[in-house]
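Reading the structure
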Amino acid sequence: MNILFTCAGRRTYLLKYFKEQLGDEGLIIGADMQLSAPALSAADVAVTVPRVYDVHYVDRLLEICRQYQVKMLISLNDLELPILADAKERFAEAGVCMVVSDKHVIDICFDKYLTAHYVQTLGLKAPKTYLDLGEAKKALVNGELSFPVVLKPRWGSGSIGIEVAEDDSDLFVMYAMLKKKVKKTILATASVGDEYIMIQQLIRGKEYGLDVMNDLNGNCVAVSVKEKLAMRAGETDKAVTVDLPQVREMGRTIGEHLKHIGNLDCDILEQDGEYYVLELNPRFGGGFPFSYEAGVNLPKALIEWAKGNDVDPNMLQPTYGMTFAKCDYLVRR
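Structural notes, computed from the coordinates. (Residues numbered from 1 in each chain as written. Predicted model: local features only at pLDDT ≥ 70, side-chain atom pairs only at ≥ 80, totals over all residues. Heavy atoms only, no water.)

A short note on the pattern of salt bridges
Scanning the entire structure with this criterion turns up 22 salt bridges. Among the ionic pairs, Glu135 bridges to Lys138, the shortest N-O distance being 3.6 Å. Placement of the pair is Glu135 and Lys138 together in helix 7 (residues 133–141), with a separation of 3 residues, close to one helical turn. On the accessibility criterion, Glu135 (40% relative accessible area) is partly exposed. Between Glu207 and Lys228 there is a salt bridge, and its shortest N-O distance comes to 3.2 Å. With Glu207 in strand 10 (residues 207–214) and Lys228 in strand 11 (residues 220–232), the pair connects residues that are 21 residues apart, well separated along the chain. Relative accessible area serves as the criterion here: at 19%, Glu207 is assigned to the buried category. Using a relative accessible area of 13% as the deciding quantity, one classes Lys228 as buried. (Salt bridge = Lys/Arg side-chain N within 4 Å of Asp/Glu carboxyl O. Helix = DSSP H or I, 4+ residues; strand = E, 2+ residues; numbered from the N terminus. Buried < 20%, exposed > 50% of the residue type's maximum accessible area, 1.4 Å probe, protein only.)

Thoughts on the packing of aromatic side chains
Enumeration according to the criterion identifies 8 aromatic pairs in this entry. Their ring planes at 65° and their centres at 6.4 Å tell us that Tyr17 and Phe288 sit as a pair that is edge-to-face. In this pair, Tyr17 sits in helix 1 (residues 12–22) while Phe288 sits in helix 10 (residues 288–292), placing the two residues 271 residues apart along the sequence. Residue Phe288 is classed as buried on the basis of its relative accessible area, which comes to 0%. Between the NZ or CZ atom of Lys179 and the centre of the ring of Tyr196, over which it lies, the distance is 4.6 Å. Geometry around Tyr196 places Lys183 over its ring, the cationic atom sitting 4.7 Å from the centre. (Phe/Tyr/Trp six-rings, centres within 6.5 Å; stacked < 30°, edge-to-face > 60°. Lys NZ or Arg CZ within 6 Å of the ring centre and 35° of its normal.)

Re helix 8 (residues 168–182)
Helix length check: helix 8, at 15 residues, gives a terminal C-alpha distance of 21 Å against a target of 21 Å (1.5 Å per residue), a fit within 8%. Buried residues of helix 8: Leu171, Met174, Tyr175, Leu178 and Val182, and no others. End-on view of helix 8: buried residues confined to an arc of 110°, all on one side of the axis. Residues of helix 8 that are exposed and angled more than 90 degrees away from the buried face: Val173 and Lys180. Residues of helix 8 that are buried in the fold lie against helix 7, strand 7 (149–153), strand 8 (163–165) and strand 9 (197–201). The opening residue of helix 8, the one whose side-chain oxygen lies 3.2 Å from the backbone nitrogen of Ser169, is Asp167. (Expected span 1.5 Å × (residues − 1). Arc of directions from axis to C-beta. Contact = heavy atoms within 4.5 Å. Polar contact = N/O pair within 3.5 Å; in protein donor to acceptor, adjacent residues only side chain to side chain.)

Brief notes about the nonpolar core
Counting residues in hydrophobic clusters, the biggest one holds 47 residues, and the most contacted among them are Leu4, Leu73, Phe91, Val149, Leu151, Leu171 and Ile199. Element by element, the count of residues in this core is highest for helix 2 (residues 57–67), at 6 residues. Among the nonpolar cores identified, the runner-up in size contains 33 residues, and Met213, Val296, Trp305 and Val311 belong to it. (Core = buried A, V, L, I, M, F, W, Y, C linked by side-chain atoms within 4.5 Å.)

Observations regarding the packing of helix 7 against helix 8
For the pair helix 7 and helix 8, interaxial distance at closest approach is 12 Å and the crossing angle is 170°. Judged on the interaxial angle alone, helix 8 and helix 7 are roughly antiparallel. The handedness of the crossing between helix 7 and helix 8 comes out as right-handed. Along its contact with helix 7, which presents Leu133, Lys137 and Leu140, the element helix 8 presents Asp168, Leu171, Phe172 and Tyr175. When the residues that make up the contact of helix 7 with helix 8 are grouped by side-chain class, the tally is 5 nonpolar, no polar and 2 charged. (Axes fitted to C-alpha atoms, helices over the stretch in contact; angles between N-to-C directions. Parallel < 35°, antiparallel > 145°, perpendicular 65-115°, else oblique. Left-handed = near helix turned anticlockwise from the far one by under 90°. Nonpolar A, V, L, I, M, F, W, Y, C, P; charged D, E, K, R; others polar.)

Looking at the sheet that holds strand 11
With respect to topology, 6 strands assemble into an open sheet ordered 14-13-10-11-12-15, the strand pairing being antiparallel. Each of the sheet's edge strands pairs with one partner strand only, and the pair in question is strand 14 (274–281) and strand 15 (323–325). Averaged over all adjacent pairs, the angle separating strand axes in this sheet is 35°, with direction ignored. Here strand 11 runs beside strand 12 (residues 235–241); their pairing, made up of 6 bridges, is antiparallel. (Pairing = 2+ DSSP bridges.)

Focus on unusual backbone geometry
Residue Pro148 is reached from Phe147 by a cis peptide bond, and omega for that bond is -5°. As for its placement among the helices and strands, Pro148 is situated in the loop between helix 7 and strand 7. For Cys7, which is not glycine, the phi torsion reads 50° and is therefore positive. Within the element layout of this structure, Cys7 appears in the loop between strand 1 (2–6) and helix 1. Unusually for a residue other than glycine, Asp272 sits at a positive phi of about 55°. Relative to the elements of secondary structure, Asp272 occurs in the loop between strand 13 (262–271) and strand 14. On the accessibility criterion, Asp272 (75% relative accessible area) is exposed.

Structure, rendered in structure tokens:
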């Protein structure tokens, strides 16, 4: 059961979690553009790959899978998910179980405008979202929308390019600035057409991170809810596991209908007693360690599912009231 992690980056903890559960049954293989990527220090085998948009990227991954007899591939980066989803058949032919959702799922989650509309089709709330600057301005004038508003890339990753406009002047200046800025970032290739900047209602209140866990057939098996206590560089820095049935059921509704594979990192905001779904990321997110440390053993479940074994749902339930905080440490490369 050799497992390949692509775009390993800084996810040292995730490779360690899988290694803990895998034991001596296989190897953890980490792939990144540079061997200096911190997470590769936790891998049994470290390999380099080209950038995700390189025409040879998928071929290189398949070469690694064949060389090391990889049985499971786990992606840790938003930008490569559409590329890997398109190549699922090629990996299946090579005997690789990809923990990557189908293309239509990736499209819904990666396109934040589609995300907002999809959430509403499920009867859940999402922030009011506009692609056209003129339409957003009209909504501000007639009272459907009010300042401050959030501007963000439609096809986004992490916290790249997120701005808050306090008034008309901010809105027009920031919109024009982001139009140019996004085209100079790694998001440029993913951003298509002219409507790649969104104007969105700003929701202020408590923020929750959900791990919505599906099996390899897309069946929802569990949801872990954490209240975010602090953020850092776009990721959860401190959090506590909480028992919120209403929010947990929102996650289950999404998981049952979306039918993603593996983990779905979901952000939900609370304002005036209402819950709004902000983002859906069909991968392990920066908030997963808070679930794992509270007892959610999704790594073990994925390994067992890949073997064709059943999993006790209790192993995916967190202990409530567990608070954790991240910290930095050095690894030698």
